[in-house]
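A look at the structure
Listed here are the chains, written in short residue letters.
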Amino acid sequence: MTAAAFDVRPVGSRQLAGTATLLRFNLRRDRVTVPVWVAVTALMVVSTTNSLRTVYATPAERADIARQMLTNNSLRAMYGPVFDDSLGGLTAWRIGVYAAVLAGIMSLVIVVRHTRDEEESGRQELVSSAMVGRRAPLTAALLTALVANGVVALLVAVSLAGQGTPGALAFGLGIAGVGMVFATMAAIVAQLTESGRLAKGLTGGLIGAAFVLRAAGDSATTGGTSQAFSTGGGSSVLTWISPIGWLENLRPFAGERWWVLPLFVAAAVIQGAVAYELAGRRDIGGGFVPTRPGPAQGRLGTAGALAWRLQRGGLLGWGLGFLAGGAAFGGVTKGAADLVGDNDNAREIIERMGGQSGITDAFLATMVGLFGLVAALYIVSSVLRLHGEETSQRAEPVLACAVGRLRWAAGHLVVALGGTVLLMLLAGVGLSLGYGAESGPILGACLIQVPAIWALGGLAVLLYGLSPQAAPAAWGAAGLILFLGWIGPALDLPQAVLDISPFGHLPKLPGGEMAWGPVGVLAGIAGVLVAGGLAGVRRRDMTS
Amino acid sequence: MTKANPAIEVSGLHKSFGKTHALDGLDLDVETGEVHGFLGPNGSGKSTTIRVLLGLLRADAGAARVLGRDPWADAVEVHRRIAYVPGDVTLWRNLSGGEVIDLYGRLRGGLDKRRRADLVERFELDPTKKGRTYSKGNRQKVALVAAFASDVDLLILDEPTSGLDPLMEEVFQRCVEEERERGRTVLLSSHILSEVEELCDRVSIIRRGQTVESGSLADLRHLTRTSVTAELAGPPNGLTRLPGVHDLDVRGHRVRLQVDTDQLDAVLRSLSESGVRSLTSTPPTLEELFLRHYQDEAVTR
């Protein structure tokens, strides 16, 4: 064969050789996760419209809530301003920020997973040694994100079309636009770091910063600015700096400002170009931020210390999130409770979640319950570190040392079970700081969640103890519990179904009656599950 | 010399995973103080055996004693005196090599600080790098330094040198010899036959979960064929009739043949009857010995 045989195509297209194959391959690898992300994002939007329709049934009620947003700074920080009191307008207000954040997280996970994670694992080397252009992996990753965001846009646009086609289209495209801005941002970050986990963490931090900028900007301005409520003027500069803020400035269902859309495109294109430029300047597997060397001597000496060392970073991140989230929710409690209190339907839902006493207590109880549900995710991920250590073969050499299996597992379980207590305490501290009330009852209410969280953690231990193949099913259980706790009350599901979740049995605190019975039973169940799981860990073969 | 307590005693070990019989009545005896080679084709059950010896897997049937104890029931006690190096070393991404070495050392019976420093230097390991930045060979060095510096009686090494360069292979062999001199026992699973030939006092060859050969290299050589090339003064005679002669190739007065090692004597006598001008006799290499077993494996498949 001669050189000419290789030079059939122009140089430019060879940089992208194999992109189509890689894209198909990516979509195949993501055939479960991406549809779930997409479905959750779209369902969240649709269910918001439905619950708003039930709660604020009449135009008068909707106008009422929209007007109250004008004066409530803290709620504007949470959700952004209301620009229109139609069902579509309220949907865009209520869920836009969160759908955008969700699309952003989905996009960053997709991009880092198919770029830096691949390089870090060494798989990319093998792929790139085949007929694959230098730019193909990054292009395929961005296209995968584009497909996912495109489907989100399509589902949102179609399902909200009944509220007005232009608004639905703008809303869908705006959510997808935020997604693509963070996809390309992740592409840049993934060129800089050598670790996929760090790239995900940094981009996640950037999304958090975008949220905070928008929140600060929105709380600073006075109310919405459409004709209906306008006092004139536009968003604050801070909101305009944040890509998440662009979505509200697109004004879906409130006189769409289509000229905002090119902003998403421009940002995505510029960031994509930067990522390509960086990718072209570095070695495969290399980064621009070198990994710092560690100590030549170690202080770790026990399995427990190792477990703590491996999990402390994650726990720190969760803890900061719980503290900040607690403070944020605590800060809006007063206003939110007033707002909800004026509406019978909303009050009913909140009372179903949070209890029958005063509406402020009910709102606080709802928030405490939500933190409990999120902590359930923490405990599953923390318990399943055991599973990760085993399947990655890092557990094997440790267990070949003079470390009993129980002691090895106990190290991680102490972090998982104890970390839950710590997280709920931090949420309580945050809530009471934000709310500005005496902290005792709130802290107590937070701690009452712990047995329910432990029960789920115990289930994860049991599944792991039975067989490593069964362990990931704990995520399914966590998903079910989240669904029941989050959406169940709004759907008015029968009590028997809600009772599947351990959280359904907890007393509604603060405000409600303390009931030690169910709390004790849940703690007992958690203990039995953990013991059963540990017995399994002791008896079964360790896999590799 | 009195026979010391064996370091590892395994008899009739069975282990299946679903329908796969990984171990099918395996026997293994490792004397205290010896370096024992553990050989066999891929998938023959070496790693499964090692993982039973470490108490990570529970055998379905058969008996195993490690350092005189039951490796499943007394795992922690046994492990205090064992250092293990897996074939595929995975490290924690954000722990440095030095931290991992010290962790493993402390989780075993303890670590000899001076020996650790010496080994880090000899293996040319940078202990400050983070786990994710090490190459395969360097990850193995981390595990090897931790094992050789640990204060233990038995080293179980599962293909420990597959990623090492020849210079480091040399360092590794020196380290194993030092271990032997210090009276420690080594079970070495390896595919690098020169390494096994160089280091091992005895070897066990397993196939399909069963032990097919066990003994010193001299014993095993005895069971196989020696190659003989001779230049004779006259034409050879009678060689074809001798038992144990294979692949006989006669070209004028030049003879090449293979002979079962226990029949060598008769062949040499027959050759000297014809008058020997030159003679080379090559003992079987471990490679040949091994290939015979591997090929048997292929044939019986």
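Every value quoted in this text rests on a predicted model; they were computed, and no experiment measured them.

What counts and what doesn't
Residues numbered from 1 in each chain as written. Chains lettered and ligands numbered in written order. Predicted model: local features only at pLDDT ≥ 70, side-chain atom pairs only at ≥ 80, totals over all residues. Heavy atoms only, no water. Phe/Tyr/Trp six-rings, centres within 6.5 Å; stacked < 30°, edge-to-face > 60°. Helix = DSSP H or I, 4+ residues; strand = E, 2+ residues; numbered from the N terminus. Buried < 20%, exposed > 50% of the residue type's maximum accessible area, 1.4 Å probe, protein only. Lys NZ or Arg CZ within 6 Å of the ring centre and 35° of its normal. Pairing = 2+ DSSP bridges. Axes fitted to C-alpha atoms, helices over the stretch in contact; angles between N-to-C directions. pLDDT = per-residue confidence, 0-100.

**Some words on the packing of aromatic side chains**
All names here are of chain A. Summed over the entire model, instances satisfying the criterion amount to 11 aromatic pairs over all chains. Ring geometry for Tyr 79 against Tyr 98: centres 5.9 Å apart, planes inclined by 70°, an arrangement best described as edge-to-face. Of the two residues, Tyr 79 sits in helix H6 (residues 73-79) while Tyr 98 sits in helix H7 (residues 87-114), which places them 19 residues apart along the sequence. Overall, Tyr 79 belongs to the buried group, its relative accessible area being 17%. A relative accessible area of 25% places Tyr 98 in the partly exposed class. Ring centres of Phe 322 and Phe 371 lie 5.4 Å apart, and the angle between their planes is 50°; this geometry places the pair in the tilted category. With Phe 322 in helix H16 (residues 303-341) and Phe 371 in helix H18 (residues 359-383), this residue pair connects regions lying 49 residues apart in the sequence. The two residues Phe 322 and Phe 371 agree in class, both being buried. An aromatic cluster is defined as three or more aromatic residues linked by ring pairs; in this entry it consists of Trp 318, Phe 322, Phe 329, Phe 371 and Tyr 378. Above the ring of Phe 211, the side-chain terminus of Arg 214 is found at 5.1 Å from the ring centroid. Between the NZ or CZ atom of Arg 540 and the centre of the ring of Tyr 464, over which it lies, the distance is 4.8 Å.

**Notes on the sheet that holds strand S13 (residues 276-282) of chain B**
Residues and elements named next belong to chain B. Spatial strand order, S11-S12-S10-S13: 4 strands in an open sheet with antiparallel pairing. Each end of this open sheet is capped by a strand with a single partner; those strands are strand S11 (245-251) and S13. Each neighbouring strand pair of the sheet contributes to a mean axis angle of 15°, computed without reference to strand direction.

**Some points on the confidence of the model for chain B**
Across chain B, the average pLDDT comes to 89, with 95% of residues at 70 or higher. As a predicted assembly, this complex carries a pTM of 0.81 together with an ipTM value of 0.83.

**Let's talk about the pairing of strand S8 (residues 202-207) of chain B**
Residue and element names in this part refer to chain B. Most of S8 sits out of view: 5 of its 6 residues are buried. As judged from the 4 bridges shared by strand S3 (residues 35-39) and S8, these two strands associate in the parallel manner. Residue pairing in the sheet places Leu 39 in a bridge with Ile 205 of S8. Two elements, S8 and strand S9 (residues 210-216), share 6 bridges in a ladder whose sense is antiparallel. Paired with Arg 202 across the two strands is Ser 216, which belongs to S9. Between S8 and S9, which follow one another and run antiparallel, lie 2 residues, and Arg 208 among them has a positive phi close to 45°.

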